[in-house]
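# Overview (structure and organization)
Listed below are the residues making up each chain.
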Amino acid sequence: MTPEERISLIRSIYDPKIGFDMEKFYAHAAKDMVFTRPPFPPVVGIEANRQSDEALLAAFSNYEVTIEDIFEAEDRVVMLYIWKGVHTGPLPTMGVPATGKAVECRGCSVFYFKDENVAKAIDYFDLFGFMQQLGLVPA
């Protein structure tokens, strides 16, 4: 896969009209893919990651991802983004019930490719700002 094809793939997964295209993403993920979103522990394997994504996305309605910048370096694609959504369901990793609050946070995802698939992904985002917007920590 060329650098341009990798960038095009990641752009198409975060389509502004449909949000995160989970089917397309997992069609291009290694079976033993590792996803890390610090400070949470890594999630290993396609099925575990799919379940994690489904639970997280079920906690938000009207979510959208805007890609601010995207580039390729060696075997990875780096994407800077803005994520917006309304917290309408429980947050599985944090045990927080729905707040009904709109949130917006910036982040950076790094997708590591092996052959044609995403072998590892790391997502860094403004967790503190996210928690402030939900009213979990003081502003």
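Placed above this text is the structure.
Below: a short report on this structure. (Residues numbered from 1 in each chain as written. Predicted model: local features only at pLDDT ≥ 70, side-chain atom pairs only at ≥ 80, totals over all residues. Heavy atoms only, no water.)

## With respect to the pattern of salt bridges
Side chains that differ in charge, positive against negative, can pair when their charged atoms come close. If you walk through the whole model with that rule in mind, you get six salt bridges. Note that D123 is salt-bridged to R37, the shortest N-O span being 3.2 Å. Taken together, the positions of D123 in strand β8 (residues 117-125) and R37 in the loop between β3 (29-36) and β4 (43-44) put the pair 86 residues apart, joining distant regions of the chain. (Salt bridge = Lys/Arg side-chain N within 4 Å of Asp/Glu carboxyl O. Helix = DSSP H or I, 4+ residues; strand = E, 2+ residues; numbered from the N terminus.)

## Section: the nonpolar core
I10, Y14, F25, F111 and F130 are the most contacted members of the largest nonpolar core, which has 34 residues in total. If sequence neighbours within four positions are ignored, F130 has contacts with F60, L91, M94, V103, C105 and F125. (Core = buried A, V, L, I, M, F, W, Y, C linked by side-chain atoms within 4.5 Å. Buried < 20%, exposed > 50% of the residue type's maximum accessible area, 1.4 Å probe, protein only. Contact = heavy atoms within 4.5 Å.)

## Overview of the pairing of β3
Alignment of β3 against β8, held across four bridges, turns out to be parallel. Across the sheet, residue T36 finds its bridge partner in β8, namely I122. Note: β3 against β4, two bridges, orientation antiparallel. Paired with V34 across the strands is V44, a residue of β4. Counted between consecutive antiparallel strands, the loop separating β3 from β4 contains six residues. (Pairing = 2+ DSSP bridges.)

## Focus: the packing of aromatic side chains
Aromatic ring pairs: the centre-centre distance and the angle between the two ring planes describe each pair. Considering all chains together, one arrives at nine aromatic pairs under this definition. Ring plane angle 50° and centroid distance 5.7 Å describe the contact between F20 and F25, whose orientation is recorded as tilted. A relative accessible area of 14% places F20 in the buried class. Ring geometry for F60 against F130: centres 6.0 Å apart, planes inclined by 50°, an arrangement best described as tilted. You can see F60 sitting in strand β5 (residues 60-73) and its partner F130 sitting in helix α4 (residues 127-133), a full 70 residues away along the chain. Here the two residues F60 and F130 agree in accessibility, since each one is buried. Grouped by ring-pair contacts, the aromatic residues Y14, F20, F25, Y26 and F111 constitute a single cluster. In this structure, K120 packs its charged tip against the face of Y112, placed 4.5 Å from the ring centre. (Phe/Tyr/Trp six-rings, centres within 6.5 Å; stacked < 30°, edge-to-face > 60°. Lys NZ or Arg CZ within 6 Å of the ring centre and 35° of its normal.)

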